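Geometric and topological summary
So you can see what is in the structure, the chains are spelled out below.
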Amino acid sequence: MASKSAKQRPVLIVNGPNLNMLGARQPEIYGKETLADIERACRAAAKELGLTVDFRQSNKEGELVDFIQAARSANSAIVINAGAYTHTSVAILDALNVAELPVIEVHLSNIFRRESFRHHSYVSLAAQGVICGLGSQGYLLALRALAPQLLGKSKK
Ligand code: DQA
């Protein structure tokens, strides 16, 4: 059977540790929306754009690596908010490089306005683009940026 075209394969939206606590977690930094709210908004935006999404979260670095490895054949692109692993995980960077897919890095908060240990991102080394500080809008903007590339409407 022919493998699925990029149009048919979902975009992997992958969320790292503590993002399952959104809503309760430091709302002054991360807002009041829950991860389920963000998932709903992503699904609605993807539908409008003609995309589908796999929306995942894990608190475990190895499980995030497994999701990203599987994306190589199962997904068309990756939107990633790796949470604190952004700043520490060479394993996640290596997995993103193995995936050989377009990657967009998202953070709810503006990591550059925060502690200096948040200013460095391993994920950025594999990312086409980085969106931070715009709350959950960042996920939707990432999908909007990917759509023309995945659907073959890119002007490039
Ligand atoms: C975050 C920023 C990270 O520094 C932090 O560890 C998170 C969330 C964000 O979305 O703003 O868990 O990725």
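Coordinates for the structure precede this section.
Quick look at the structure, then.

Criteria and thresholds
Residues numbered from 1 in each chain as written. Predicted model: local features only at pLDDT ≥ 70, side-chain atom pairs only at ≥ 80, totals over all residues. Heavy atoms only, no water. Helix = DSSP H or I, 4+ residues; strand = E, 2+ residues; numbered from the N terminus. Buried < 20%, exposed > 50% of the residue type's maximum accessible area, 1.4 Å probe, protein only. Near = heavy atom within 4 Å. Polar contact = N/O pair within 3.5 Å; in protein donor to acceptor, adjacent residues only side chain to side chain. Areas by Shrake-Rupley, 256 points an atom, 1.4 Å probe, with all protein chains shown as cover. Nonpolar A, V, L, I, M, F, W, Y, C, P; charged D, E, K, R; others polar. Contact = heavy atoms within 4.5 Å. Pairing = 2+ DSSP bridges. Expected span 1.5 Å × (residues − 1). Arc of directions from axis to C-beta.

**Comments concerning unusual backbone geometry**
Here Gln 26, not a glycine, exhibits a phi torsion of approximately 30°, which is positive. Positive phi, normally seen in glycine, also occurs at Glu 100, with a value near 50°. Checked against the element boundaries, Glu 100 lands in the loop between α4 (90-99) and β4 (103-107). For Glu 100, a relative accessible area of 61% puts it in the exposed group.

**Quick notes on the site of the ligand**
All residues adjacent to the ligand are Arg 25, Tyr 30, Asn 81, Gly 83, Ala 84, His 87, His 107, Leu 108, Ser 109, Ile 111 and Arg 118. Between the ligand and Asn 81, the relevant distance is 2.8 Å, taken from an oxygen atom to a side-chain nitrogen or oxygen of the residue. Bound to the protein, the ligand loses 99% of the 320 Å² it would expose on its own. Within the shell around the ligand, the residues separate by chemical class into 4 nonpolar, 5 polar and 2 charged.

**What to know about the side chain of Arg 114**
Within the secondary structure, Arg 114 sits in the loop between β4 and β5 (129-132). A residue is classified by how much of its surface remains accessible, and Arg 114, at 17% relative accessible area, is buried. Looking at Arg 114, its side chain comes within polar contact range of the side chain of Tyr 30, at 2.9 Å. Separated by 2.9 Å, the side chains of Arg 114 and Ser 109 make a polar contact. Ignoring sequence-local partners within four residues, the contact set of Arg 114 consists of Ile 29, Tyr 30, Ser 109 and His 119.

**Notes on the pairing of strand β1 (residues 11-15)**
Of all 5 residues in β1, 5 are buried; the element is thus mostly enclosed. Burial along β1 is two-sided: Val 11, Ile 13 and Asn 15 facing one way and Leu 12 and Val 14 facing the other are all buried. Where β1 lies against strand β2 (residues 53-57), 5 bridges are found, and the strand directions are parallel. Across the sheet, the residue bridging to Val 11 is Val 53, located in β2. Pairing of β1 with strand β3 (residues 77-81) involves 5 bridges; the strand directions are parallel. Bridging from a neighbouring strand, Asn 15 pairs with Asn 81 of β3.

**Digging into helix α2 (residues 35-49)**
End to end, α2 covers 21 Å across 15 residues, agreeing with the expected 21 Å (1.5 Å per residue, within 8%). Those residues of α2 that fall on the buried side of the exposure criterion are Leu 35, Ile 38, Cys 42, Ala 45, Ala 46 and Leu 49. Projected down its long axis, α2 carries its buried residues within an arc of 100°, all on one side. Turned more than 90 degrees from where α2 packs its buried face, Arg 40, Lys 47 and Glu 48 sit exposed. Considering only its buried residues, α2 is in contact with β1, β2 and α5 (137-150).

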